[in-house]
Structures are given as C-alpha cells and as structure tokens.
Amino acid sequence: MASNFNNAHNFNIDNYHFVNVNSSADPLNKLQAEIAAGAIHDSRERCDAPKCHPDTRVAVQDDLYSWIVDDDGESEHPKKIKWVTGPAGSGKTAVMGSLADRCAANGHLGATFFFASWSASIGRRRKTAFVTTIAHQLAQHREELKKAISTAIEKNPGIFEKNLHVQMEILILSPVREAVCQSDGTGLQGAIIIDGLDECEAEQYHDTTTTGPRGKPARTNAQDQLEILQVLQAASSDPSFPFRLLIASRPERVFREFFDPENNPTLLAQKLDLHEDYNADADITLFLEAQFNQIRRRHHLPLSWPPQGTIQILVEKASGQFIYASTVLRFLDMGHQEPPKVLLEAILKMEATRKPASNPLEQLDALYMHILGSSPNPPLSIRWIRAISWMSIVGASALNVNMLLQTDPESNEAEHLLGNLHSLIQIPPSDRATAGYNFYHRSLLDFLRDPDRCGEWSLDDISEFIWDRFIRACTSGSGVLVSLRQDEFNNIILKCAVIPSFHPGKAFFESCAFFQAT
C-alpha cells in the first residue's frame, strides 16, 4: 500500500494521530450503496412521474395532510398506519407524489418509497432495498438520528444481509429510540409514504425450477408484500416511533385482509378509498378543460372546439379514472396523421360492450382497443409491447429491444408498429436510443394479460415470441446482437428456459456460434 513516508529515515513523530479518510469506510456511504435511489419521490428516475393537476384532488390531499400533521385528534393512542386504495387509474401515485412534495416543502416528510413493477430500476421492484432506502432518508432528518444510524451500521457490519425485520430494528427503530431520548422527542415527526406496494415483486432465494420432494415452490409477490406490511406494523407499534405510515396500493387480497379493521382494530387509521370516498368527476372536468385549452391553442383550433357536451361525455366514460382522461388527451396530442378533431370524434363514437357501471375499466378497455387498433398490425404491435415489458425487467435499452425484435436490420419496424401508440408507451427519440421504453400506466399491461378484457388479442406466453426472434438474430449473420450486454444476454437465456421448446444445449451452441462469428 502506498505510504506518505516512503524512503523517509532519521526523524521522529510526536503525538501522531492517524485519521482514515477512506470514504468507502464511512458507514453512511455503505448505507447509500444499498439503497434504491430511484424509489425516492424526487429522484431522477421519477422526473416524469404523475402529479396532481393544479386545483385537483385538493380534498384528498388536505385530508391526508391533516392526518399526518394534526393526528386526527388521536394524540393519546395515535393510529400510525393509513391505507390509501383505489382501482387502476384512480390517481393513487399522483396523489402520493403531490403529497410528498407538499410534506417535504413544509418539513413533514420523513421518507418515501415508490415501488414500480414495469420500466423501473430493479431496486423499485423488489423488497431488498426497502428498509435501507427509508433509513438513508431518515438519516438526513436529524443530526442525532444520522449519528445513531451510522453507529448502528458500524456495530452491525453484516446488517445488509439480514431480513427486513432485523434491518428495521437495527437501522431504524433502535436509532429512533436513541434520538428520541436525546431530543425529548421534539423534531422527529412527519410521514413515511409508500406507494405502489402491490407492485413489489417477490425475491427468490433458491432454485424454483427443481422438481421432486426437494423442490421448493416459488415465493409469491403477496408473501413479500405481506412481509413489508408486517415490518411496518411492528414499527408503528413501537411507542417511540414518531412517524405516520401512509401506504398506497390497489385493493388486492393481501391488502384487504391486512387492513381489515377486524384483524387490526387498534393499529390502523380509517382507510381512504379514492374511488368510493371521493367523487373525482369535478377534478377530471377541471383537468380536461385545462388540457383541451392547451391542445386547441397548439393546433390552432377554433374556440368552438371541443363541441359542447364533449367534456361531460368523457367524464362519464372515465368513471372516476384519471388514467382514461389522460390517455384520451395523449392520443389527441401525440402527432397522429389525423387531426385532433377527427381523433376526438372517433373516441366519442366508441361504445363499450357493457355499461360502465358494471366495470369502471370498461371504457378504458374500449379506449385501449381503439388505440391499439390504429396500428398497421395490431397483433404484432401487441407482441412487441409485451416483449418490451418482458425485456424491461433485464434493463434492455430501446436500441437493443429493436435490434432483437425486428426481422430486418435495415428496417424501422419499431416506428412502423408503435408510431401510432405514443399515447400508451413512451418511445425515446432516435438520439436517445440507449434509453429504455416506458409505459405510461400499468393498466395497459393488465389489460393485455387478461383475456376477458382484451379478447382475441390476449397472448398466453410472450417468451416464445422473444425466443424465436433471438434465434433468428443469432442465425441471421446480421450481427444485431453485438451491443447486448452480457447480463441482458444471460437473462434472456434464463427467462427463455420456461419455454417447452427451449433446449439449453441448442441455445448454448447457437449463442457460441453467434459470438464466434462476431
């Protein structure tokens, strides 16, 4: 190792004190290396995340903010966990994002974690970095809390390999107790906001493909989601824990059972259902009016557009779902060959197969069918969309996705198939091809995975389509896979292993032959 005293001799040093300035040894730097930075509300990854349109969702945000700040008058026995729920497209993430900004601006935010299961970094899809990301943010909250967390990591160097319950105790609860004692509990307050917990995917700790008596079943998403809920419940039960826990998710079974007041009558605040407890029609009306004004100015349309009654019809079709309104507006304003006037007329003429009251997503499904039908080859476009979703899990860029899926290296198949679908999927421009595709809303993928909703366009398994394109690329001699990273290549092989026709030996032979040739 290099020394400051190489070749030195014949001298003495009195009162020598050595200080290790190696930044990697700093416990808080070690903590930062274990977080999911993209999951924090104001992260670079969430720069395009939805937020509430000005003057909308005011009542919802005010109610939640009041619960965080004023304790709902529960000062003696506060209920520290609140569930915000609602169906797909009801605006949960937008509300949580806007509320996080408001709390941060007013000094009432402890930490945030925004899960996402599609087009997101791996840390946002799994539980692994959940507690460490919360602890990292809390360390910025107060100096005494930062010191306590730093000391906890020094004393427990293996903490990052422990389960979530142990991490919660060592990294958060013990430091909070110490900080509360030092500050008499003053200054430690605010909300920890967790959004999209239903999108957390399961971690697998063993080979789930093994069969026979020694084989272990795959861990389910619900199991990891419940584990996080139980960890948060344990934290809220600690008398020293000063933060309010706000959890937003769809009303999936694991959440309905956990937040059932009969199961936890003393720990849970009253749930807030965006669809049942609030009438979103007025907010959607305000949103549509403002956006139609922008489209009218941008496209130099007359003041008489849209026709009278249009906004009311769209509000009724939305059935309380903001995602319907925002998808309509993107469809009108995404550079189709047809002008917005023609596109709007087509949307107004659409009819759902059932009355919207029977299913609030029925009109959204009809809208998705209409937009997908505008592609020159809807079935192939849908395969591309499913493949993009599948490959985004391994972090493949748009450039690599296109190179893998297109049949002709010289063609622009991606633009041909997806050019009319910009209202559903964010397509990076040609000068940013190394960026990834991104979907505006998870409900599109839910729609395409459910045969009852998408009908004949349902696909049982997209991996066989990807495997076919992969083999085609390997054997074509075109060299289209040269830019695939090794981890992307390995993940494609591993994921294709679930296909009945997949042969590992053939895959190895084909890929070796390809890389030899390139």
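Rules used in this analysis
Residues numbered from 1 in each chain as written. Predicted model: local features only at pLDDT ≥ 70, side-chain atom pairs only at ≥ 80, totals over all residues. Heavy atoms only, no water. Helix = DSSP H or I, 4+ residues; strand = E, 2+ residues; numbered from the N terminus. Buried < 20%, exposed > 50% of the residue type's maximum accessible area, 1.4 Å probe, protein only. Phe/Tyr/Trp six-rings, centres within 6.5 Å; stacked < 30°, edge-to-face > 60°. Lys NZ or Arg CZ within 6 Å of the ring centre and 35° of its normal.

A.B. asks: Would you mind going over unusual backbone geometry with me for this structure?
C.D. replies: If a residue is not glycine, its phi is most likely negative; likewise, a peptide bond is most likely trans. Look at the link from Trp-305 to Pro-306: it is a cis peptide, with omega at 0°. As for its position among the elements, Pro-306 is in the loop between α9 (281-298) and α10 (310-318). Residue His-300 is not a glycine yet carries a positive backbone phi of 55°. You can see His-300 is positioned in the loop between α9 and α10. On the basis of relative accessibility, which here comes to 71%, the residue His-300 falls in the exposed class. Even without being a glycine, Ser-319 presents a positive backbone phi close to 50°.

A.B. asks: In this structure, what is going on with the packing of aromatic side chains? I would like to understand it.
C.D. replies: Each aromatic ring pair is summarised here by two numbers: the centre-to-centre distance and the angle between the ring planes. Enumeration according to the criterion identifies nine aromatic pairs in this entry. Here Trp-83 and Phe-259 contribute two aromatic rings whose centre-to-centre distance is 4.9 Å and whose plane-to-plane angle is 10°, an arrangement assigned as stacked. Of this pair, Trp-83 sits in strand β1 (residues 81-85) while Phe-259 sits in the loop between α8 (253-258) and β5 (272-273), and the two are 176 residues apart along the sequence. Pair check on accessibility: Trp-83 and Phe-259 agree, each one buried. Judged by centre distance (5.1 Å) and plane angle (85°), the rings of Phe-258 and Phe-259 are edge-to-face. For Phe-258, a relative accessible area of 7% puts it in the buried group. Site record: aromatic cluster; members linked through ring pairs are Trp-83, Phe-258 and Phe-259. Sitting over the ring of Trp-67, Arg-244 keeps its end group 4.7 Å from the ring centre.

A.B. asks: Explain the environment of Pro-217 here, please?
C.D. replies: Among the secondary structure elements, Pro-217 is positioned in the loop between β3 (191-195) and α7 (221-237). The spacing of Pro-217 and Gln-204 is 13 residues in sequence and 9.8 Å in space, taken between C-alpha atoms.

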